[in-house]
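Spelled out, the chains give:
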Amino acid sequence: MRKFKMSISSPTPSLTLARSLPQGVDDLMEMGPFDLFRSQSESGSTEAKVDAMKRLSVVAFAMGEEQTLSALLPYLATLAMKQPQQEDELLIHMAMELTKIVPNLLKGSQALPLLPILERLAAVEETVVREEAVNAINHIAPQMEEDPAVLVAIVKRLVGADWFTAKVSAAGILPTIYQVSGEEDSELVHLMKELAQDETPMVRRGAAANLGKFMSHMKTLSILEGMVPVLQQLCRDEQDSVRLLAVATAAQAGEAFGGHSDFSIQVMIPIVRAGSTDLSWRVRSNLAKCFSEVAQNLGIGGNSDHTKEMALVMACFVALLQDVEAEVRAAAVGHLARMVHWGGPDLFDSHLQPLLPGLADDIVMEVRSKCALALMDSSEGGTLEDATILQAFGPLLENFLQDEFSEVQLHVLSNLPKISRLLEKMNGVVSSILNMAKASNWRVREGVAKLLPHLADARGLDFFSQVLVEPAWISLLTDIVASVRHAVIAGVGQLVTVTGPTWFASEMVPRHVAIFEQAHTSYLMRVTILQTYVECAKALGDMGDESDPSATEVWQDMVNFILEKGMTDKVPNVRMVALKGLVDIVSKSSLHESFIQAKIKPAVESNVEQESDLDCRHYQDLALAEM
């Protein structure tokens, strides 16, 4: 018997559910999984029926392959075909659960009995039921590669149905079945064309939503060209709900167009151009939401032979960035960084850079927020030179850091490490960052804390010691919000690497010791200093050798402080942090084995008997095990 590993999570049956079953407790204990499932499904309680259907896959696995095929699936077919129709919630769970038993329980042709059930569900009126049925058929279809004729027959019946619901479902399963069939010039192509020309807008909408996926499986140019009239017709449809899906076809089609640049230029670029100037803002918005994918799939990016066509595509993108509708602008600016990389520095200079001040000053916060993030992402990848970044982005970043909304500020702060190499030349940006160290929003202070090591690296040790230590580093290290303190602690290792162990010991350690000594009423501050020393010791762990004795000396001082102050603290939480830190230090300090055996191990062992806290004892054991 095959074993199956499943993760089952279902609600505990309620008292109402138990009372709905006609059998007594003794009878229920003797019933098999199928009899219990059928009893629940035929009870008068909707709750009992739904509960049974939620456990359908569990019942199937308990019954096994043979009984599932001979008893369970025929019973489910009866339920699905029953008139009047079962409750929608019941049918939804039926479709969802059937997906779980393929291919884990039923494989290949064994899944054939599921298809009539799902075909029935794909034709019901409730949209959610149909969507789950379509998902289930798409999940099962790849198992039918040896006999795709059954799937083709299902599509033909759905397309030929009288009511639009079945036709909408047919559009949803056509791409998968077309791929499974492996025949490019098949009747499935004609079925998709028929759906695209249906008189019902809902059917045409379904065809438009899936046309890109359908075309993505076409490898022959002649077959692809045969779909052009269909695509053009959908893009000119009188219903904007159809057009908005059709104009995004290139994003769904993947690389189908990429290998045929002439096809993209003649067919797709006019569609993109028309979509960017469509009278309906919903059409423009949907195109803006996937514009970079559309541009990438055209297959003309980075090709010097198609400079004119690339400029035309970029002009369409510019139109969306300048749209009168804020929602369209917000969707388009989300693709700004990818379009910068797609178009290169020349198109950035001619088309995109003139728009940046306007986008950065947009009245809508979402546009400014996405613009801030896009500028930071545009700085990566080497597309733009440093001089261009400084000139075009520098003043805008200063404005973003002074924005009234913290979300805009955070997009810049969290991504400034990407251009940390340029902070030395961004005096205005650095000044704005320092002013934000005392911001009322703790997330902003956290963002500043994460940047401090990068500022030290970019601006040099003198700048850090004169400008950053007191107003920023120490202030944020003692912040009332733990996340801000942890952000400072996380940067200690990088800071030590920048400043060197000698400077850190002479300038920073006395300040840390003073904070620790003054924090006799706040164990959280003592924990913060101990965690700072742990991070510093971890960074210095493999730095010390005979050529650099200062690193070893500072490392030993850090460890001694943890042993003398942390392990003897009166608060168990402080001792636990000290011991946990020792575990990390020992595991990352391969050059200090003699000190570990001579100093650390005896100190930990001496405290084992007098330690009463269980958590501290646990970390004592871990520390000794590491040694």
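Each remark here, short or long, concerns the structure printed above.
The rules behind these values
Residues numbered from 1 in each chain as written. Predicted model: local features only at pLDDT ≥ 70, side-chain atom pairs only at ≥ 80, totals over all residues. Heavy atoms only, no water. Helix = DSSP H or I, 4+ residues; strand = E, 2+ residues; numbered from the N terminus. Rg over C-alpha atoms; globule rule 2.2 N^0.38 Å. Contact = heavy atoms within 4.5 Å. Areas by Shrake-Rupley, 256 points an atom, 1.4 Å probe, with all protein chains shown as cover. Lys, Arg positive; Asp, Glu negative; His and termini not counted. Charge placed at Lys NZ, Arg CZ, Asp CG, Glu CD. Axes fitted to C-alpha atoms, helices over the stretch in contact; angles between N-to-C directions. Parallel < 35°, antiparallel > 145°, perpendicular 65-115°, else oblique. Nonpolar A, V, L, I, M, F, W, Y, C, P; charged D, E, K, R; others polar. Core = buried A, V, L, I, M, F, W, Y, C linked by side-chain atoms within 4.5 Å. Buried < 20%, exposed > 50% of the residue type's maximum accessible area, 1.4 Å probe, protein only. Disulfide = S-S within 2.5 Å. Expected span 1.5 Å × (residues − 1). Phe/Tyr/Trp six-rings, centres within 6.5 Å; stacked < 30°, edge-to-face > 60°. Lys NZ or Arg CZ within 6 Å of the ring centre and 35° of its normal. Salt bridge = Lys/Arg side-chain N within 4 Å of Asp/Glu carboxyl O. Polar contact = N/O pair within 3.5 Å; in protein donor to acceptor, adjacent residues only side chain to side chain.

Considerations on the overall build of the protein chain
For step 1, the next point in the chain: The helix and strand inventory of the protein chain stands at 37 helices and zero strands.
For step 2, the next point in the chain: Relative to its length of 627 residues, the protein chain is extended, with a C-alpha radius of gyration of 33 Å against a globular reference of 25 Å.
For step 3, the next point in the chain: Here the contacts in the protein chain between residues at least 6 apart in sequence split such that 70% fall between residues at least 24 apart.
For step 4, the next point in the chain: For the protein chain, the accessible area works out to roughly 28400 Å², and carbon and sulfur atoms hold 50% of it.
For step 5, the next point in the chain: One finds the centroid of the 52 positive side-chain charges in the protein chain at a distance of 4 Å from the centroid of its 81 negative side-chain charges.

Focus: the packing of helix α20 (residues 307–321) against helix α22 (residues 336–352)
For step 1, the next point in the chain: Between α20 and α22, the shortest axis-to-axis distance is 10 Å and the interhelical angle comes to 100°. It follows that α20 is roughly perpendicular to α22 by the angle criterion. Two secondary-structure elements touch here, α20 through M310, A311, V313, M314, A315, F317, V318 and L321 and α22 through L336, M339, W342, G343, L347, H351 and L352.
For step 2, the next point in the chain: Its residues assigned to classes, the contact of α20 with α22 comprises 13 nonpolar, two polar and no charged.

Digging into unusual backbone geometry
For step 1, the next point in the chain: Along the chain, Q83 connects to P84 via a cis peptide bond; the corresponding omega equals 0°.
For step 2, the next point in the chain: Examined against the element boundaries, P84 turns out to sit in the loop between α5 (56–81) and α6 (88–100).
For step 3, the next point in the chain: In this chain, V102 is followed by P103 through a cis amide linkage whose omega measures 5°.
For step 4, the next point in the chain: Inspection of the secondary structure puts P103 in the loop between α6 and α7 (114–121).

Here we look at the nonpolar core
For step 1, the next point in the chain: In terms of nonpolar packing, the biggest core is built from 217 residues, with L76, M94 and I600 touching the most fellow members.
For step 2, the next point in the chain: For this core, the element with the highest residue contribution is α5, accounting for eleven residues.
For step 3, the next point in the chain: Apart from residues lying up to four places away in sequence, M94 is in contact with M53, L56, L76, L79, A80, I117 and L121.

What about the state of the cysteines?
For step 1, the next point in the chain: On inspection of all chains with the given rule, the structure shows zero disulfides.
For step 2, the next point in the chain: Note on C290: no disulfide assigned, nearest cysteine sulfur contributed by C235 at a separation of 11 Å.
For step 3, the next point in the chain: Residue classification places C290 among the buried positions, given a relative accessible area of 13%.

Let's talk about the packing of helix α3 (residues 33–41) against helix α4 (residues 46–54)
For step 1, the next point in the chain: Axis separation between α3 and α4 bottoms out at 7 Å; the angle between their running directions is 145°. Mapping the contact onto sequence places F37, Q40 and S41 in α3 and A48, K49, D51, A52 and M53 in α4.
For step 2, the next point in the chain: Residues belonging to the contact of α3 with α4 are distributed by class as follows: four nonpolar, two polar and two charged.

Here we look at helix α35 (residues 572–587)
For step 1, the next point in the chain: Look at α35: 23 Å from first C-alpha to last across 16 residues, which is about the 22 Å you get at 1.5 Å a residue.
For step 2, the next point in the chain: Taken together, the buried positions of α35 are V574, R575, V577, A578, L579, G581, L582, V583, I585 and V586.
For step 3, the next point in the chain: Where α35 is buried, its residues touch α33 (523–540), α34 (549–566), α36 (593–606) and α37 (614–626).

So, the environment of D51
For step 1, the next point in the chain: Residue position: D51 is located in helix α4.
For step 2, the next point in the chain: We classify D51 as buried; its relative accessible area is 8%.
For step 3, the next point in the chain: Sequence separation between D51 and A537 is 486 residues, and the spatial gap between their C-alpha atoms is 56 Å.

A look at the packing of aromatic side chains
For step 1, the next point in the chain: Scanning all chains against the criterion turns up eleven aromatic pairs.
For step 2, the next point in the chain: Pairing W163 with F164 gives two aromatic rings, centres 5.2 Å apart and planes at 55°, and the pair type is tilted.
For step 3, the next point in the chain: Residues Y533 and F561 carry aromatic rings whose centres are separated by 4.9 Å and whose planes lie at 65° to one another, so their mutual orientation is edge-to-face. Taken together, the residues span a long stretch of sequence, with Y533 in helix α33 and F561 in helix α34 at a distance of 28 residues. By the burial criterion, Y533 is buried, and F561 matches it.
For step 4, the next point in the chain: In this structure, R459 is placed above the aromatic ring of F463, and the distance from its NZ or CZ to the ring centre is 4.7 Å.

What to know about the pattern of salt bridges
For step 1, the next point in the chain: Inspection of the entire model under this criterion finds 25 salt bridges.
For step 2, the next point in the chain: With its nearest N and O atoms 3.4 Å apart, the salt bridge here joins E187 to K156. Taken together, the residues E187 in helix α11 (residues 187–196) and K156 in helix α9 (residues 149–159) connect sequence positions 31 residues apart.
For step 3, the next point in the chain: Residue classification places E187 among the partly exposed positions, given a relative accessible area of 40%.
For step 4, the next point in the chain: Taking the shortest distance from any N to any O, the salt bridge between D278 and R243 comes out at 3.0 Å. Highlighted residues: D278 in the loop between α17 (261–276) and α18 (281–289) and R243 in helix α15 (residues 240–246), separated in sequence by 35 residues.

Some words on the environment of S70
For step 1, the next point in the chain: Structurally, S70 is set in helix α5.
For step 2, the next point in the chain: Note: C-alpha distance between S70 and P113 (43 residues apart in sequence) is 10.0 Å.
For step 3, the next point in the chain: Of note is the side chain of S70, whose polar atom sits 2.9 Å from the backbone oxygen of E66.

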